[in-house]
Amino acid sequence: KQWYQRRVRGLNLFPEEEEIDIIYDYELEPRTKLPRINMCTAGHAAGMAFYNRPEEVESPPWGQKKMFGCSVSPKYGGHFAFRAVFVFKNVKDPDILFLSPHDALDSEEKKIQLLQAFNGDWKNPAWRNIVQTDLPYSEEQIEYFNRAPRDRLPILKSLLDRHNEEDKKDQ
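These numbers come from a predicted model, not from an experiment.

Rules of the game
Positions within a chain are numbered from 1, following the residues in the order the chain's sequence is written. Given that this is a predicted model, residues contribute local features only at a pLDDT of at least 70 and side-chain atom pairs are listed and counted only at 80 or more, while totals for whole chains, interfaces and linings are drawn from all residues. No hydrogens and no water enter the side-chain calculation; it runs on all heavy atoms of the structure. For helices the rule is a DSSP run of H or I covering at least 4 residues; for strands it is a run of E covering at least 2, with both sets numbered from the N terminus onward. We define a polar contact as two N or O atoms separated by no more than 3.5 Å, with the added condition that, inside protein, one atom must be a possible hydrogen donor and the other a possible acceptor, whereas residues neighbouring each other in sequence contribute only through side-chain atom pairs. Any two residues whose heavy atoms approach within 4.5 Å at even a single point are treated as in contact. Using a 1 Å grid laid over the protein atoms alone, points where a 1.4 Å probe fits but cannot get out form a cavity; open sets with protein on both sides within 12 Å along at least 5 of 7 lines form a pocket; any residue with an atom within 4 Å of a point counts as lining. Grid points are joined across faces, edges and corners, and a volume is the space filled by probe spheres set on the points. Basically, the charged four are Asp, Glu, Lys and Arg, the nonpolar ten are Ala, Val, Leu, Ile, Met, Phe, Trp, Tyr, Cys and Pro, and anything else, Gly included, counts as polar.

1. Notes on the side chain of lysine 111
Right, on to step 1. With respect to the helices and strands, the residue lysine 111 is situated in helix 3 (residues 108-120).
Right, on to step 2. Side chain to side chain, lysine 111 and asparagine 52 meet in a polar contact 2.8 Å long.
Right, on to step 3. Of note is the side chain of lysine 111, whose polar atom sits 2.7 Å from the side chain of aspartate 103.
Right, on to step 4. If near-sequence neighbours (up to four positions away) are discounted, lysine 111 is found in contact with Phe50, Asn52, Asp103 and Leu105.

Structure below.
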């Protein structure tokens, strides 16, 4: 984690005196083992994607079953991920504007469809396509994300080999 923070600092994007905390999506609270931050809530608060929460569905067909919320972008649908949040500790502005995210799902039916698909089998990319996008994940990306991190290296090697072959053809 410190390597990333040094790397971000090395980009000189922010003044040196700016206190920045970077919270990554994989960080857990030591005592509770719960995520340090809910990335979907952070993305919603930043106006980047609408966080569709199951408790907002008026007549949920899933009854009392535990369901998790899911973020959808009007531009990317479900083809994105929040990986980190930057907390600017010195920035205090009581007049800061809240950018309300656009709810790309136009009906409760679509919200139900999204939440059931996401909670049923999140590896199935159908839930990602609830909103049409020109920028969906490729088949290789979906295969990569659906594998455990320890099993991803062969996919990366295959992509690199294919890229190198295409480079040779272009020369």
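2. Some words on the layout of surface pockets
Right, on to step 1. Counted as a void, the largest pocket has a volume near 1,100 Å³.
Right, on to step 2. Around the largest pocket, the lining is made up of 32 residues, and of these Asp25, Met39, Cys40, Arg83 and Phe118 lie nearest the centre.
Right, on to step 3. Those elements giving two or more residues to the lining of the largest pocket turn out to be helix 2 (39-45), strand 3 (70-72) and helix 4 (139-146).
Right, on to step 4. Among the residues making up the lining of the largest pocket, the classes are represented as 21 nonpolar, four polar and seven charged.

Any functional reading would require information beyond the geometric quantities listed.
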